[in-house]
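# Observations on the model geometry
Listed below are the residues making up each chain.
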Amino acid sequence: PIHLDQPAELAFGACIARFTDILDKVLADLLPNVICEYLYDACAKMNTFIRECRVIGVPETPSRLMLCCAGLNLMRTCFDLLGIPYLDRI
């Protein structure tokens, strides 16, 4: 299970949890720009999470790696829905 103890973890986890609500809104309103806004917010929250919470070498590593993987999957899904190719590596 993923444990969300730090404020940055909670904010990022809550953002990920809103994904299905965002999709419902996009389908109801037919506004794909909502996905773009959500993706921008998710990226900002993931950046804050990575900056403020050490991921490797701490007891919370397994949980935080799962959160990172969830964020990566979320971003890939958003890019796929928008028809934007994504990079696997920079």
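Here is a short report on the structure shown in this document. (Residues numbered from 1 in each chain as written. Predicted model: local features only at pLDDT ≥ 70, side-chain atom pairs only at ≥ 80, totals over all residues. Heavy atoms only, no water.)

### Side note on the side chain of Arg64
With respect to the helices, strands and loops of the structure, Arg64 is situated in helix α4 (residues 61-82). Reaching out from Arg64, the side chain makes a polar contact with the side chain of Glu9 at a distance of 2.8 Å. (Helix = DSSP H or I, 4+ residues; strand = E, 2+ residues; numbered from the N terminus. Polar contact = N/O pair within 3.5 Å; in protein donor to acceptor, adjacent residues only side chain to side chain.)

### Description of the packing of aromatic side chains
Per the stated rule, a full pass over the model turns up three aromatic pairs. A ring pair is formed by Phe12 and Phe49, whose centres lie 5.8 Å apart and whose planes are at 25 degrees; its orientation type is stacked. One end of the pair, Phe12, is in helix α1 (residues 7-17); the other, Phe49, is in helix α3 (residues 33-52), with 37 residues separating them in the sequence. According to the relative accessible area criterion, Phe12 is buried, its value standing at 0%. (Phe/Tyr/Trp six-rings, centres within 6.5 Å; stacked < 30°, edge-to-face > 60°. Buried < 20%, exposed > 50% of the residue type's maximum accessible area, 1.4 Å probe, protein only.)

### Quick notes on a nonpolar patch on the surface
A contiguous nonpolar surface patch, about 310 Å² in accessible area, is contributed by Ile2, Leu4, Leu10 and Met66. Take Leu10: it is sitting in helix α1. (Patch = residues over 30% accessible without salt bridge, like charges linked within 9 Å, V, L, I, M, F, W, Y side chains within 5 Å. Areas by Shrake-Rupley, 256 points an atom, 1.4 Å probe, with all protein chains shown as cover. Salt bridge = Lys/Arg side-chain N within 4 Å of Asp/Glu carboxyl O.)

### Some points on α3
With 20 residues, α3 extends 29 Å from end C-alpha to end C-alpha; this agrees with the ideal 28 Å at 1.5 Å per step. Looking at the packing, one finds that the buried side of α3 touches α1, α2 (19-29) and α4. (Expected span 1.5 Å × (residues − 1). Contact = heavy atoms within 4.5 Å.)

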